[in-house]
Amino acid sequence: MLIQSVDSNEPLSSEITPRPIYSERRYFLKQLAQGVAGAGLAAWASRQAMAGVAAPGKLAPLPGATSLVAGAMVMEKITTYQDASTYNNYYEFGTDKADPARNAHTLKTKPWTIEVEGLIKKPGRWGVEDLIKWSAMEERIYRMRCVEGWSMVIPWVGYSLSELIKRIEPLGSAKYIEFITLADPKTMPFVGSSILDWPYREALRMDEAMHPLTLLTFGMYGEILPNQNGAPVRLVVPWKYGFKNAKSIAKIRFVEKEPVNSWGRAAPQEYGFYSNVNPNVDHPRWSQSTERRISEDGLLSKKRKTLMFNGYEKQVASLYAGMDLSKYF
Ligand SMILES: Nc1nc2c(c(=O)[nH]1)N[C@H]1C(S)=C(S)[C@@H](COP(=O)(O)O)O[C@H]1N2
Ligand SMILES: [Mo]
């Protein structure tokens, strides 16, 4: 297994050997991690590999070794970069799917610090550039499912949130982790609107946060995150509905009691704390049994079957053993 962190100065230990995952998409997974020394080469390789598809190429490369975390790879067509970066939910920038791509250029992601506080031994404030070095970057291809009924397959870059959690040493009393995102009315036109209570908040139970699939995410498609996808750092929890994946995180807080998340506060009967993808538990206003894969299924069709825990059942079902999932939805 070859894993290098992005700040590594190690020379490449062998050639880049891109390999097609799904040739229809002509998306090639870079099999090797490259250090800063190899970043130019990585950018070149990714431009070559993605030529012919709507591709990244404008943002700084953020290469990650292919993840070996069980369940991290989905052998389905990868959603185009074009769709993944222009069909978004990021309500701070508007409620239309096209608004974030249109408006999020105002978001200032440098400098960016994350405050880590609460029931931990090592509270502190760190710059994103420091956090990026805390563990080796991995590329993980995850199936993503929005509570609204659409889905995508996205190659994220980051490392398991558990790596950060281990470093800051939670106390035994820390049972939940809360993610508080940026709410800056100067750069975010919809902060101050009454749709949600700002800042946008999400939370996980400690064992969910420690699960290896839970990704602290800095990039996608081999590059740093575009603003509309939650730059410079966000959460990705692939077995939960999309809204659990807090974008542009400013604060991480370790607490004892189950926190109330933004959507749960807005409509508690519709959005529960767990929000695990579950085709058998419908949203009060619509079925959750099927979904529409963006850019593959027709605009109005929703014929793809939604999978239990979004297809990650083997990996995560044990976290909820014995729980009534229609009660703890
Ligand atoms: N700060 C913040 N994070 C957020 C949201 C938001 O409105 N604000 N929307 C959520 C929802 S509903 C979804 S489906 C995902 C979408 O992530 P993507 O645009 O990268 O696909 O982001 C989630 N994270
Ligand atoms: Mo969503």
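Use the structure listed above.
First things first, this report covers the structure right here in the doc. It should be emphasised that the depicted structure is a prediction, and the values quoted were computed from it without experimental measurement. (Residues numbered from 1 in each chain as written. Chains lettered and ligands numbered in written order. Predicted model: local features only at pLDDT ≥ 70, side-chain atom pairs only at ≥ 80, totals over all residues. Heavy atoms only, no water.)

It is worth spelling out the pattern of salt bridges at this point. When their charged atoms lie close together, side chains carrying opposite charge are able to pair. Tallied over the entire structure, the rule returns 21 salt bridges. Across the pair E202 and K244 runs a salt bridge whose closest N-O atoms are separated by 2.7 Å. With a gap of 42 residues between them, E202 in strand 9 (residues 201-205) and K244 in the loop between strand 12 (234-236) and strand 13 (249-255) connect regions that are remote in the sequence. The same class applies to E202 as to K244, namely buried. Among the ionic pairs, R293 bridges to E291, the shortest N-O distance being 3.7 Å. Residues R293 and E291 agree in their burial class; the two are buried. One connected set of salt bridges, linked through shared partners, spans E76, R143, R145, E291 and R293. (Salt bridge = Lys/Arg side-chain N within 4 Å of Asp/Glu carboxyl O. Helix = DSSP H or I, 4+ residues; strand = E, 2+ residues; numbered from the N terminus. Buried < 20%, exposed > 50% of the residue type's maximum accessible area, 1.4 Å probe, protein only.)

In this section: the site of ligand 1. Around ligand 1 there are 17 residues in total, and N88, Y91, E92, R234 and K247 lie nearest to it. With respect to ligand 1, the side chain of E92 contributes an N or O atom lying 2.8 Å from a nitrogen atom. The separation between an oxygen atom of ligand 1 and a polar side-chain atom of K247 is 2.7 Å. Calculation on ligand 1 without its partners gives an accessible area of 540 Å², and the protein chains cover 96% of this total. Considered class by class, the residues forming the shell around ligand 1 number eight nonpolar, six polar and three charged. (Near = heavy atom within 4 Å. Polar contact = N/O pair within 3.5 Å; in protein donor to acceptor, adjacent residues only side chain to side chain. Areas by Shrake-Rupley, 256 points an atom, 1.4 Å probe, with all protein chains shown as cover. Nonpolar A, V, L, I, M, F, W, Y, C, P; charged D, E, K, R; others polar.)

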